[in-house]
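Coordinate analysis (summary)
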Amino acid sequence: MADEPLVLGIETSCDETGVGIVRGHTLLADAIASSVDTHARFGGVVPEIASRAHLEAMVPTIQRALKDAGVAASDLDGIAVTAGPGLAGALLVGVSAAKAYAYALGKPLYGVNHLASHICVDQLEHGALPEPTMALLVSGGHSSLLLAPDITSDVRPLGSTIDDAAGEAFDKVARVLHLGFPGGPVIDKYAKEGDPAAIAFPRGLTGPRDAPYDFSFSGLKTAVARWIEAKRNAGEEVPVADVSASFQEAVTDVLTRKAIRACKDEGVDHLMIGGGVAANSRLRAMAEERCADAGITLRVPRPKLCTDNGAMVAALGAEMVARGRAASDWDLPADSSLPVTEPHVPGTGGGDADSHGHDRAPAHGHTHDHDHVHELSRKNLYA
């Protein structure tokens, strides 16, 4: 175990300041500072508030993680950070902190992809990922089916949401039901007391001519809102538990149905589910049942590892180190639109050493064809 890479990961893509420390596939620390309560009164995440919360929480959370892990910062083999996708300002705080710590400690820096990190975190729960891995990622911002032959270099999108993500639909339905924010946990709670067959809500993009792996939850959200509005206009009481259960059933039915189909079509016998919505009890139960019927092995991390956290970033960073992937350059950008096809952002140096004596990554012809939110030169940042 001592020979396995020891990596600290920083996650700030949204409203969670997450710092994790991983040695190989072993989780040593998972420290989180959340600003969700601050956002609750606004009914959703406010980017500027999230960014300021990250600034305030960053150093104390890193110190807590190091203490929990029982390691010194100088013991680390690398610093990994979510470079994207996510909220631009929030990402910038994490990337800037990671640069500062990596440069000051003389450690390599790894900018990694938020979505690929959600897949890689399962290694901390169930061991090395099978290759290829089929992953269903469901959260407030993403609903995606991904095929990952190599989590560090080859992640292929098969399908994604064309409008609202699953977690976003949960939040919006909860708002219509006056249940508060975030919506996922509270709807899951009420759904346990309701009848999932009480209301026949629609299943989007499940027709024979629809894209087989894409998702759409906007129509479902609208259907729920109109059903509730009709009840209220008629002066009738809205059965919150039945609405929650029926809505949740519609979402989980579509998610699992498409994921099982993708596994069968691609000949993959493992399904990994990650992202915040993977903590939903009905999704986990339905996926387990349908995977068992299809002869597919299901891998779902414990709920705490499904939501945004630093452990997932550290897990992917440790895998980058173990497989000898190129470290990022010091001008690593915070990229709010970083595509999942880029599991990490390798450096573009020519193999020269930096001022700390660490070899920079060799040139590899990697270019971005999309705008970067933030790019700083090493000269400007460290002058």
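The following paragraphs examine the structure supplied in this document. Given the structure is predicted, the values throughout are model-derived calculations rather than measurements. (Residues numbered from 1 in each chain as written. Predicted model: local features only at pLDDT ≥ 70, side-chain atom pairs only at ≥ 80, totals over all residues. Heavy atoms only, no water.)

Some details on the pairing of strand β8 (residues 154-160)
Two faces belong to every sheet, and in a regular strand the side chains alternate between them. Two elements, strand β7 (residues 143-150) and β8, share five bridges in a ladder whose sense is antiparallel. By the bridge assignment for β8, L145 is matched with G159. The hairpin turn running from β7 into β8, its antiparallel successor, is three residues long. (Pairing = 2+ DSSP bridges. Helix = DSSP H or I, 4+ residues; strand = E, 2+ residues; numbered from the N terminus.)

What about the sheet that holds β8?
Pairing is mixed across the open sheet formed by five strands, whose spatial order is β8-β7-β6-β9-β10. Looking at strand neighbours, the two that pair on one side only are β8 and β10 (297-299), the edges of this open sheet. Sheet twist, expressed as the mean angle between neighbouring strand axes with direction ignored, is 25°. Relative to β7, strand β6 (residues 133-138) runs antiparallel, the two being bridged by six bridges. When the bridges of β7 are listed, L137 appears paired with S144. Contacting β6, β7, β8 and β9 (270-274), helix α9 (residues 240-266) runs over the sheet at an angle of about 160° to β6. (Axes fitted to C-alpha atoms, helices over the stretch in contact; angles between N-to-C directions. Contact = heavy atoms within 4.5 Å.)

Considering the side chain of D122
With respect to the element layout, D122 can be found in the loop between α4 (114-120) and α5 (123-126). Residue D122 is classed as buried on the basis of its relative accessible area of 0%. Of the polar contacts made by the side chain of D122, one reaches the side chain of H126; its length is 2.7 Å. Setting aside residues no more than four positions away along its own chain, D122 makes contact with G127, L129, M272, R299, V300 and P301. (Buried < 20%, exposed > 50% of the residue type's maximum accessible area, 1.4 Å probe, protein only. Polar contact = N/O pair within 3.5 Å; in protein donor to acceptor, adjacent residues only side chain to side chain.)

Section: the pattern of salt bridges
Throughout the structure, instances matching the rule amount to 17 salt bridges. Measuring nitrogen to oxygen at the nearest pair gives 2.7 Å for the salt bridge that ties R156 to D154. For R156, a relative accessible area of 41% puts it in the partly exposed group. Across the salt bridge formed by R203 and D253, the nearest N and O atoms sit 3.0 Å from each other. With a gap of 50 residues between them, R203 in the loop between α7 (183-191) and α8 (218-233) and D253 in helix α9 connect regions that are remote in the sequence. When its relative accessible area of 26% is taken as the criterion, R203 is described as partly exposed. Bridged by salt links that share partners, the residues E131, D150, E319, R323 and R325 form one connected network. (Salt bridge = Lys/Arg side-chain N within 4 Å of Asp/Glu carboxyl O.)

A few points about the packing of α7 against α9
When two helices pack together, their arrangement is given by the angle between their axes and by how far apart the axes lie. Here α7 crosses α9 at 110°, and the two axes come no closer than 7 Å. As the angle between them shows, α7 and α9 are arranged roughly perpendicular. Crossing hand, α7 versus α9: left-handed. In this structure, α7 contributes I187, D188, Y190 and A191 to the contact, and α9 contributes V240, A241, S244, A245, F247 and Q248. (Parallel < 35°, antiparallel > 145°, perpendicular 65-115°, else oblique. Left-handed = near helix turned anticlockwise from the far one by under 90°.)

A look at the layout of surface pockets
Empty space among the atoms becomes apparent when a probe as large as a water molecule is rolled across them. Considered as a void within the structure, the largest pocket measures approximately 1,200 Å³ in volume. Along the walls of the largest pocket sit 38 residues, with C14, D15, S139, G140 and D171 positioned nearest its centre. Only β3 (26-34), α4, α6 (166-176) and α7 provide two or more residues apiece to the lining of the largest pocket. Looking at the lining of the largest pocket, its residues break down into 13 nonpolar, 17 polar and eight charged. (1 Å grid on protein atoms, 1.4 Å probe; cavity = no way out; pocket = protein on both sides within 12 Å on 5 of 7 lines; lining within 4 Å. Points joined across faces, edges and corners; volume = space filled by probe spheres on them. Nonpolar A, V, L, I, M, F, W, Y, C, P; charged D, E, K, R; others polar.)

So, the nonpolar core
Core analysis: the largest hydrophobic core is formed by 44 residues, its most contacted members being L136, F217, F247, L255, L271 and I273. Broken down by element, this core gets its largest block of residues, ten residues, from α9. (Core = buried A, V, L, I, M, F, W, Y, C linked by side-chain atoms within 4.5 Å.)

Quick word on the environment of R257
In this fold, R257 is placed in helix α9. Its relative accessible area of 39% is what places R257 among the partly exposed residues. Separated by 45 residues in sequence, R257 and P212 have C-alpha atoms that sit 9.8 Å apart. Residues in contact with R257, not counting those within four places in the same chain, are R203, T206 and R290.

What to know about the packing of aromatic side chains
Going through the model one piece at a time under the given rule, you end up with four aromatic pairs. Ring centres 5.1 Å apart and planes at 80° place the aromatic pair Y103 and W330 in the edge-to-face group. Remark: W330 occurs in the loop between α12 (310-322) and β11 (344-345) and Y103 occurs in helix α3 (residues 88-105); sequence separation between them is 227 residues. According to the relative accessible area criterion, W330 is buried, its value standing at 6%. With centroids separated by 5.0 Å and ring planes inclined at 70°, the aromatic side chains of F170 and F247 adopt a geometry described as edge-to-face. With F170 in helix α6 and F247 in helix α9, this residue pair connects regions lying 77 residues apart in the sequence. The positively charged end of K258 is found above the aromatic ring belonging to F215, 5.9 Å away from the centroid. (Phe/Tyr/Trp six-rings, centres within 6.5 Å; stacked < 30°, edge-to-face > 60°. Lys NZ or Arg CZ within 6 Å of the ring centre and 35° of its normal.)

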